[in-house]
Every structure is written in structure tokens, then in C-alpha cells.
Amino acid sequence: MNSTVSTPLALIAELTHRCPLHCVYCSNPLELNARSNELSTDAWRNVFTQAAELGVLQADFTGGEPLARPDLVELVSAARGAGLYVNLITSGLPLDESRLEKLVAAGLDHFQLSFQGARPEIASEISGTTTHAQKLRVLEWLRGHRVAVTLNFVIHRRNMDQLPEMLAIAETSCATRVEFANVQYYGWAFANRENLLPTREQLNSSLGILKQAQERLRGKMRIEYVVPDYYAKFPKACMGGWGRKLMLVVPSGDVLPCHAARVIPGLTFENVQNRSLRQIWESSAAFQKFRGQEWMQEPCRSCDRREVDFGGCRCQALLLVNDAAATDPVCSLSPNRNKVDAVLTRVADIPVTATAADVKPAWIYRSNPT
Amino acid sequence: MTPDLNSRPRLAPGCRLNDAKQQPRVLLMPEKALRLMGPSLEIVERCDGQHTVRQIITELQRIYDKADPQKVETDILGYLSLLNDQRALDFVDADASVGGSVA
């Protein structure tokens, strides 16, 4: 084995791209896999077994909406049986009490329920469908089950003022963990960026609220906050570094180093149906491409932080400066930081009271594959 | 928070040790995996809702009899408190007569 290759810790399993929601910030690619291209139950079973043998500890079931897979209970059971810790990242639709019971009985460890806001109106606006009441029902059903519960609030300009209400939903629920994750600007979110980016004032106020809540709820609930990296001084260590900790299997079985890697021109992805997961992880061209430091340009190449953030996000570099090997332009040391600042200046001029309909372009909703 | 000596720590829902056959041993929990070895494994294995904090301390003082018993106690209380902050532990059945408070 190549000595620079570490063991992957988690496998992100995008079970399907189908989803009843049409969120304007969906992290899925603009080109979605059709149902007819999805891996079979047995093919996934094989992926989980191989992942566990490779040293993977956790499987993150996501999508699209994983509940759209009729075989989800079998998949949970297969992953758990292979020795993996099973996370389900879901909108809670379509779900009823009896299916929830079966999922838990099959070995589900952690239920992550996403929220589009604290109120039904914003949830409908963002997801293009009616979801909020169902999520609150699912939250009540979860009380009766021995499973970890995380609430995942995706936050942005249009719902940031609802933070205290979101906290109230979390506090009265059985969740032991709540994530407030700012939208990240890839995929559909990139298309809707001007309507989603918060202002600096909104961001500062949210930091104050959450810091207070963390103190108050210590020992009761873990509160995690993901800030929008456009406002950061240094980039995030995207995926914990390219090909270092995580791998993602998309519905068709292609294996990617991150959710958005498909935007990078010239990368080809191998499929679990043609090659073993170990071979793909250790030696496929896509995983090798940005491993280590050889690919880095200045200022990353000689930077003290190159082992801290690994140059930031390759997809963001591609999207903003059209060079996937460039320093992530959100970095204050990047020669391209002015491109990010220009976006921030533009959104600072849009009043926070403006709705998406007031701003051009208005929402572009995620489509749904057949 | 200092754990009540009479309470019985138990791994929270969705937090569990990996299989004893798997190496290294880790405590699996939402978005995290803590590598356990030596005393940390001995402690977590006893967070079963049966052992009281006091029993865990006594048993580890016996296993690590070359270490300063007071230090063993302090380390265990610190570790349990850390796990509680990460929401990996609940304290159940604290004796009501000594307050039973977990907060």
C-alpha cells in the first residue's frame, strides 16, 4: 500500500438522487443519476462489506432522500451487519412510525433530521413542498427509540433570524445534538448564492446567540456551527483533506473524493462494480489527484497551514477561479480573495428583508430525477 | 459538572463500542469515533448503567494499583464529565437521597 494513503474513516453513501424536496441549496450535482442507474441492494451490501474491511467506521446514508429507497431497512441491516456505525441523513419524508421502528430494529445508530427553518412558511419556500409538520411528527416518534438524534438546521440569509426558534425546537425534542450548518456554495446553492448568503451583521449576531446557547446547554446538547466560509479568514479543511478520511459513493456506484468533485474537468471516476473499493481508494487517479502536497501552488506550497486545511476546497477553487489546483479563494492569503469579497459586497447591498422574489434571479429549485 | 459518585453512567443512545473483535477499539457516536486504550477502554466498558461512578473508581484503582488512587479518581471524574459534555453518556439512577442531580 502507498505509505501516504491513510485509512478512510467514513463512507458517504448517496443511495439515491430521488427526493420529494426541491431545496434551493441541495448539495447534489446539477446532473442527477436516474433511478434506473442506481446500485442494487446486493451491490450496496458488497460496498459496505468492502468498506468495513478497509477500516471504515461509519456509513452516512444520504441522497437525495434515502427513504426513497424501498430497501432502506435491508441496507441499514447490511451496513450494521458489516460492522459499520449507521447514520441516516434525512428529511423525514416519506416515513411512518412502523418504518421508523423497523429502521431502528435493523441497527440504525443515528438519525439526522434536516430542517429548512423553524416555521412552515420558510420550510415550504426553501424546499418547494410542504414538509414542516411531518418533521415535527417524526421528532415526536423518535422519543420512543434508542437512537441518537441530531437536528440539522440549514441556515442562510432567509432563515437566520429564526435561530432562537430553532433552538427552542431542539431543546424541547429528544435530540442530543444540533447542527446549524450554513449553506455551502456548490451545486444548487451556487446557482442561488445571492439569495442565500447572509450579511456580516447576520453572521455576527448568530455567533453570539449560539455561543450563549452552547454555554447554557453544556452537558445536555452538543451544538455545532458551520460558518459560511466566504466570511472566513482561512479555508475549511474540505473533507478533512482530499482522499484522506472520506469517500463518497454516488447512486450509480461511482466513487468520488467529495460531493462536488464532478465539476472538476479532467477527473474520471471509477465504479464499485468494476473495481474494488480498496483499489479505488488507494490508487485511482481521482483520489490521487490532490493527495499530499505535490499538486499545491503558492501560497499553499510553502504555507504553515498546508497540513491544517490542505489548501481548502478544490471544487470551490474551480468554481470561483476556474483552477481546481489554486488556493481556495476564500483564504485571506489567496491572490484571488478579491473575487470572494466582491460577492460579499454585492450581497451586503441587498436588504435582508428582501425576499427571493425581489432579487434576480429568484429561486432555482432542484429538479427530481426519474 | 462533577459526576455524582452514586450515579450509574450509561452510554447514551447511538453511542456504542465497536465489536470486541475489531481493532483498534473505538467509541462510536454521532460524527465521531474516540479511540480507546488502557484506562479509557476500562472506563467505557463499565458505563453500562449497572456500575456506579464509585464502583468504577474502585475497580480501576485496583487494576492500576501502582498509580496514585487520588489521581485515578480525578482522571475518571474528568473523563466521565468530558464524555457527558459530548453527549456520549447519561447518568441514571442517581440516589435520590444524595440529590440525584445530574446537572
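Residues numbered from 1 in each chain as written. Chains lettered and ligands numbered in written order. Predicted model: local features only at pLDDT ≥ 70, side-chain atom pairs only at ≥ 80, totals over all residues. Heavy atoms only, no water.

A.B. asks: It is not clear to me how the overall build of chain B should be interpreted in this structure. Could you clarify?
C.D. replies: Helix and strand content of chain B: three helices and five strands. Taken from the N to the C terminus, the helices and strands of chain B come in the order β-β-β-β-α-α-α-β. The C-alpha atoms of chain B give 13 Å as radius of gyration, which agrees with the globular expectation for 103 residues (13 Å, within 12%). Over its C-alpha atoms, taken along the principal directions, chain B stretches across nearly 40 × 35 × 20 Å. Per-residue burial for chain B yields a buried fraction of 43% across its 103 residues. Here the analysis covers contacts within chain B between residues at least 6 apart in sequence; of these, 61% occur between residues at least 24 apart. Accessible surface computed for chain B: about 5,300 Å², of which carbon and sulfur atoms make up 50%. Across chain B, the 13 positively charged side chains and the 15 negatively charged ones have centroids separated by 5 Å. (Helix = DSSP H or I, 4+ residues; strand = E, 2+ residues; numbered from the N terminus. Rg over C-alpha atoms; globule rule 2.2 N^0.38 Å. Buried < 20%, exposed > 50% of the residue type's maximum accessible area, 1.4 Å probe, protein only. Contact = heavy atoms within 4.5 Å. Areas by Shrake-Rupley, 256 points an atom, 1.4 Å probe, with all protein chains shown as cover. Lys, Arg positive; Asp, Glu negative; His and termini not counted. Charge placed at Lys NZ, Arg CZ, Asp CG, Glu CD.)

A.B. asks: Mind showing me how you'd approach empty space enclosed by the protein here?
C.D. replies: Any space left empty among the atoms is revealed by the rolling of a water-sized probe across them. A complete count under the given rule lists two cavities of 30 Å³ or more for this structure. Computed from the structure, the largest cavity encloses a volume of approximately 80 Å³. Every residue lining the largest cavity is listed: Phe234(A), Pro235(A), Pro299(A), Cys300(A), Cys303(A), Arg305(A), Arg306(A), Asp309(A), Gly311(A), Thr327(A), Cys331(A) and Leu333(A). Looking at the lining of the largest cavity, its residues break down into seven nonpolar, two polar and three charged. Approximately 50 Å³ is the volume attributed to the second largest cavity. In this structure, the second largest cavity is lined by Thr176(A), Arg177(A), Arg222(A), Pro13(B), Cys15(B), Met29(B), Pro30(B), Gln86(B) and Arg87(B). Of the residues contributing to the lining of the second largest cavity, the split by class is four nonpolar, two polar and three charged. (1 Å grid on protein atoms, 1.4 Å probe; cavity = no way out; pocket = protein on both sides within 12 Å on 5 of 7 lines; lining within 4 Å. Points joined across faces, edges and corners; volume = space filled by probe spheres on them. Nonpolar A, V, L, I, M, F, W, Y, C, P; charged D, E, K, R; others polar.)

A.B. asks: Can you walk me through the nonpolar core in this structure?
C.D. replies: Side chains of nonpolar character tend, in soluble globular proteins, to be buried together. Residues and elements named next belong to chain A. Membership of the largest hydrophobic core comes to 93 residues, with the highest contact counts inside it found for Leu 11, Phe 48, Phe 61, Phe 111, Leu 151, Phe 180 and Leu 277. Setting aside anything within four residues of it in sequence, one finds Phe 180 in contact with Phe 153, Ile 155, Leu 163, Met 166, Leu 167, Leu 210, Ile 223, Glu 224, Tyr 225 and Val 226. Core analysis: the second largest hydrophobic core is formed by 24 residues, Trp 242, Leu 267, Trp 295 and Ala 324 among them. (Core = buried A, V, L, I, M, F, W, Y, C linked by side-chain atoms within 4.5 Å.)

A.B. asks: I would appreciate a short explanation of the environment of Asn338(A) in the present structure.
C.D. replies: Tracing the chain through its elements places Asn338(A) in helix α13 (residues 337–348). Considering only alpha carbons, one finds Asn338(A) and Asn87(A), 251 residues apart in sequence, at a separation of 39 Å.

A.B. asks: Got a minute to help me understand the interface of chain B and chain A in this structure?
C.D. replies: How big an interface is tends to be expressed through the accessible area that disappears when the partners come together. Chain B puts 18 residues into the contact, and the matching count from chain A is 21 residues. Where chain B abuts chain A, roughly 1,700 Å² becomes buried across the two surfaces, and 48% of that area is made up of carbon and sulfur atoms. On the chain B side of the contact with chain A, Arg16(B), Glu31(B) and Arg87(B) bury the most area, a combined 35% of that side's loss. Joining chain B to chain A, the criterion identifies two salt bridges. A salt bridge links Arg16(B) to Asp109(A); the shortest N-O distance between them is 2.7 Å. The tally of links from chain B across to chain A stands at ten residue pairs in polar contact (both at pLDDT 80 or more). Mapped by element, the contributors of at least two residues to the side of chain B that touches chain A are β1 (8–11), β3 (26–29), β4 (32–35) and α3 (69–85) of chain B. (Buried area = accessible area lost by both parts, 1.4 Å probe. Salt bridge = Lys/Arg side-chain N within 4 Å of Asp/Glu carboxyl O. Polar contact = N/O pair within 3.5 Å; in protein donor to acceptor, adjacent residues only side chain to side chain.)

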